[in-house]
Amino acid sequence: MPPISPIHVAIIMDGNGRWATQRQLPRQEGHRAGAQAVRRTVEAAIRYGLHTLTLYAFSADNWKRPQIEVNTLMLLFRSYLTEEVGACARQGIRLSVIGRRDRLPRSLVSLIEQAELKTARGQRLHLRLAVDYSSRYAILEAARAASNEEEFRRALGPDVDLLIRTAGEQRLSDFLLWECAYAEFVFLPQLWPDFDEAGLRESLRQFWSRERRFGGLPAASARQGGEPGSTVLRGARSCA
Ligand code: IPE
Ligand code: IPE
Ligand code: MG
């Protein structure tokens, strides 16, 4: 078992379409199954003591998809907010939504605002859902609004410790570009609707088996007379 991991994990939940196609189902069925995987993953995140979990649910480029698929994704997002907000509040989950809001329907924006308000006091897990999200856009906005680096960093959010992408693709697709500067990457072949606690466990196991150096020296070299301050920072030490 990996240790309790008070870190920031971000997941690119990819492969819903392929999961459905393999079963000769419409792509929307893949998204429905994907929503169940989100629920499982949040439960597992609590069990592994994650500090923050950021899930890529809908990218700013996903508007290019057929209207029926976009509608299904928005409907699933709406249902998640409506059905899960009570349980989130009870379990101490703070729910936030990152991404643009000016292109979402007004009724959805007010649902988001209510969910954020109802769960604002949660201390156990910070669950961030990325919807109509583009990291390039977020960086430009933060740069416009901030008057110094501290404000810029705060506008973007915490650094990512572990980035997981399912379904085999090995790219960021405009997700958390700045925040992943020193993230560890795990790419899993399994499709998102098949993701479960075992997938998170395996990803955390890989994370804890790696040595993060942040530009310093490996631990062994540092012990053999590296400069003071060149010691390696490991895993969870990086998180705030
Ligand atoms: C991820 O699955 C969900 C979203 C992008 C909204 P995809 O729909 O991208 O699934 P594939 O990549 O086509 O299999
Ligand atoms: C990234 O997946 C977006 C989400 C998972 C929400 P995509 O399927 O849209 O990414 P590309 O097109 O393969 O890069
Ligand atoms: Mg995809």
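Up top you'll find the structure we're talking about.
Residues numbered from 1 in each chain as written. Chains lettered and ligands numbered in written order. Predicted model: local features only at pLDDT ≥ 70, side-chain atom pairs only at ≥ 80, totals over all residues. Heavy atoms only, no water.

Participant: I would appreciate a short explanation of the side chain of E84 in the present structure.
Facilitator: Along the chain, E84 turns up in helix 3 (residues 67–91). Once you skip the residues sitting within four places of it in the chain, E84 turns out to touch R39 and S79. (Helix = DSSP H or I, 4+ residues; strand = E, 2+ residues; numbered from the N terminus. Contact = heavy atoms within 4.5 Å.)

Participant: I would appreciate a short explanation of the sheet that holds strand 3 (residues 93–98) in the present structure.
Facilitator: Strand pairing in a sheet relies on backbone hydrogen bonds. The paired strands run either parallel or antiparallel. Spatially, the six strands line up as an open sheet ordered 3-4-2-1-5-6, and their pairing is parallel. Two strands bound the open sheet, and with one partner strand each, they are strand 3 and strand 6 (184–187). With strand direction ignored, the average angle separating the axes of adjacent strands in the sheet is 20 degrees. (Pairing = 2+ DSSP bridges. Axes fitted to C-alpha atoms, helices over the stretch in contact; angles between N-to-C directions.)

Participant: Would you explain the site of ligand 1 in this entry?
Facilitator: In the region of ligand 1, 13 residues are neighbours, and D14, G17, R18, R27 and R65 sit closest. A distance of 2.9 Å is found between an oxygen atom of ligand 1 and a side-chain nitrogen or oxygen belonging to D14. For ligand 1, an oxygen atom lies 2.7 Å from a polar atom in the side chain of R65. Alone, ligand 1 offers 380 Å² of accessible surface; in the complex the protein occludes 87% of this. When residues of the shell around ligand 1 are traced back to their parent elements, those giving at least two are helix 1 (16–22), helix 2 (27–47) and helix 3. With three residues, the single largest contributor to the shell around ligand 1 is helix 1. (Near = heavy atom within 4 Å. Polar contact = N/O pair within 3.5 Å; in protein donor to acceptor, adjacent residues only side chain to side chain. Areas by Shrake-Rupley, 256 points an atom, 1.4 Å probe, with all protein chains shown as cover.)

Participant: Would you mind going over the pairing of strand 5 (residues 162–165) with me for this structure?
Facilitator: Side chains L162 and I164 of strand 5 all project onto a buried face; the interleaved residues L163 and R165 project onto the opposite face, where all are buried too. In this structure, strand 1 (residues 8–12) lies alongside strand 5, joined through four bridges in parallel fashion. Bridged to V9 within strand 5 is L162. Pairing geometry for strand 5 and strand 6, over four bridges, is parallel. Across the sheet, the residue bridging to L163 is F185, located in strand 6. (Buried < 20%, exposed > 50% of the residue type's maximum accessible area, 1.4 Å probe, protein only.)

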